[in-house]
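# Coordinate analysis (summary)
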Amino acid sequence: MMRLIVFFLLLWQPICYSQCNGRYLDEIFTDVDVSTVTYSEVNNLQLDIYQPVGDTENNRPLIILAHGGSFIAGVRANPSMVSLGEAFAKRGYVVASISYRLMAVWDLIFSSSTLNGVAEALSDGKAAIRYFRKSVVEGNEYNIDPNQIYFGGNSAGAIIAIHAAFMQEGEVEDPELIVAMENNGGFEGNSGNPGFSSDVRGAISLAGGIANLDFINSSDFNSLLITCHGDLDGTVVYDCGEPLDGTVPIELCGGGAILEHSSLIGFENHHHLLFEGADHTPWAWDGVAENQMISFVSEKLFNNLDCANSTSINDVGADENVFILPNPVHNQFSISGLNNYKSLTIKTLYGKTVYRKVNNSINNNIEFLPAGIYIVELLKENKRGVITKKIIKL
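Residues numbered from 1 in each chain as written. Predicted model: local features only at pLDDT ≥ 70, side-chain atom pairs only at ≥ 80, totals over all residues. Heavy atoms only, no water.

### Re the state of the cysteines
Under the criterion given, the structure shown has two disulfides. A sulfur-sulfur separation of 2.1 Å characterises the disulfide bridge that pairs Cys240 with Cys253. Sign of the S-S torsion, about 110° for the bond between Cys240 and Cys253, identifies this disulfide as right-handed. Here Cys240 is found in strand S9 (residues 240–241), whereas its partner Cys253 is found in strand S10 (residues 252–253), with 13 residues between them in sequence. Taking the relative accessible area as the measure of exposure, Cys253 reaches 4% and is therefore buried. Sequential numbering of the bridged cysteines in the protein gives the disulfide pattern 1-4, 2-3. Note on Cys228: no disulfide assigned, nearest cysteine sulfur contributed by Cys253 at a separation of 18 Å. (Disulfide = S-S within 2.5 Å. Helix = DSSP H or I, 4+ residues; strand = E, 2+ residues; numbered from the N terminus. Buried < 20%, exposed > 50% of the residue type's maximum accessible area, 1.4 Å probe, protein only.)

Here is the structure:
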């Protein structure tokens, strides 16, 4: 029976398709254009828009980013935001790095003033989301898909992002937080661009935290959450506690506590990267950590995109004489007929990435994978297409 199954599976000819047109997973553009616009006339707030030079794609996913600085400092053009903006724009995204209102350092002494400052920043973040939805109605100057907007941030910016994505109005029970939001225009805020949705597809929390773990619940299972966090973080604790080494009188729960909570409620669309033994935002000063974080976020974002989950498949042309040898395979395989390729990715039939290597590799060891049928994607060196093959793991 096994031989019969293998025989019929191998009748499926090699196929090639440009999943997301080869975009969003790796850098495919060389240059990035940065422009600045005012997104909140009410508060005179600007954002920087990063776009790949020469891109003609329409309906591009948008990533909105907010910088760190404990809500008392920081700028939208700090090195971390510039690095993230360029890295994701070169992958084909539109990226926006926002400024938001900052509180005074003495506001961190009291919980009420701290929450008021956070509510102001969250109001600004939601106005930035609405600005882009408004831009779509006004001609879609930035060629974005309003149904694929993600909010990310570093430290304080991550706190803005995760609350914008997961905190719903009826879920807020903290009296001081309710008052803070009421003082700043209510749940949607008062920073401008009314009449448009501030919903996002998901959040990227880089060393951020959430005020109440129950803001993440079963109603959010279709949303994406990516968290990256060092487990020795004293600024925004990895578990639950008061920020800035206990000097700010509010509680936040970081990536570790969110991971445990996600596991308890069965939230499978939460993806967590632990930086073991690391303090706050190690990617801000360590290039290796930054590359690791960007690669992790890129992969998890890619797997959530519409184009990565509804690909069109075409027959391979006669010139695509590319083979996986051996196939079926027990442990190792190699690629024949393609001298150079940028990356090799293996996915399940449901689209989950289970193996990835950058650049050519003579032998690829998949001994660890369970027996089954997988899809092998080879991103061409010229970055213009993806050769797709089926592989059978015995």
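### A short note on the side chain of Ser262
Within the fold, Ser262 resides in helix H7 (residues 255–265). Once residues lying within four places of it in the same chain are set aside, the contact partners of Ser262 are Phe267 and His270. (Contact = heavy atoms within 4.5 Å.)

### As for the pattern of salt bridges
Inspection of the entire model under this criterion finds 10 salt bridges. Between Arg60 and Asp55 there is a salt bridge, and its shortest N-O distance comes to 3.0 Å. The exposure classification of Arg60 matches that of Asp55, with both residues buried. The partner of Arg201 in a salt bridge is Asp306, with the nearest N and O atoms 2.6 Å apart. One end of the pair, Arg201, is in the loop between helix H5 (175–182) and strand S7 (202–206); the other, Asp306, is in helix H9 (residues 306–309), and 105 residues separate them in sequence. One salt-bridge network, held together by shared partners, links Arg23, Asp55 and Arg60. (Salt bridge = Lys/Arg side-chain N within 4 Å of Asp/Glu carboxyl O.)

### Focus on the sheet that holds strand S6 (residues 144–154)
Spatially, the eight strands line up as an open sheet ordered S2-S3-S5-S4-S6-S7-S8-S11, and their pairing is mixed. Edge positions in the sheet fall to strand S2 (32–40) and strand S11 (270–275), since each has one partner strand and no second. Strand-to-strand, the axes of this sheet are offset by a mean angle of 20°, without reference to chain direction. Alignment of strand S4 (residues 60–66) against strand S5 (residues 94–98), held across five bridges, turns out to be parallel. The partner of Leu65 across the bridge, within S5, is Ser97. Its contacts with the sheet put helix H3 (residues 111–137) on S2, strand S3 (45–52), S4, S5 and S6, and the angle it makes with S6 is roughly 155°. (Pairing = 2+ DSSP bridges. Axes fitted to C-alpha atoms, helices over the stretch in contact; angles between N-to-C directions.)

### Topic: the environment of Leu122
Positionally, Leu122 belongs in helix H3. Of the residues examined, Leu122 reaches a relative accessible area of 8% and is grouped as buried. For the pair Leu122 and Pro175, spaced 53 residues apart in the sequence, the C-alpha separation amounts to 17 Å. When residues no more than four places from it in sequence are discounted, the contact partners of Leu122 are Ile160, His163, Ala164 and Met167.

### Structural notes on unusual backbone geometry
In the segment running from Leu325 into Pro326, the intervening peptide bond is cis, with an omega of -10°. Note on placement: Pro326 falls in the loop between strand S13 (323–325) and strand S14 (332–336). Located in the positive-phi region is Asn193, a residue other than glycine, with phi close to 60°. Along the chain, the position of Asn193 falls in the loop between H5 and S7. On the basis of relative accessibility, which here comes to 11%, the residue Asn193 falls in the buried class.

### Details of the packing of aromatic side chains
Applying the stated criterion across every chain yields a total of 10 aromatic pairs. Taken together, a centroid distance of 5.7 Å and an interplanar angle of 5° make the contact between Phe221 and Phe267 stacked. With Phe221 in the loop between S7 and strand S8 (224–230) and Phe267 in the loop between H7 and S11, this pair connects stretches of sequence that are 46 residues apart. Relative accessible area serves as the criterion here: at 30%, Phe221 is assigned to the partly exposed category. Joined through ring pairs, the aromatic side chains of Tyr24, Phe88 and Tyr93 make up one cluster. Above the ring of Phe88, the side-chain terminus of Arg91 is found at 5.7 Å from the ring centroid. Directly above the ring of Phe187 sits Lys126, whose terminal nitrogen or CZ lies 3.5 Å from the centroid. (Phe/Tyr/Trp six-rings, centres within 6.5 Å; stacked < 30°, edge-to-face > 60°. Lys NZ or Arg CZ within 6 Å of the ring centre and 35° of its normal.)

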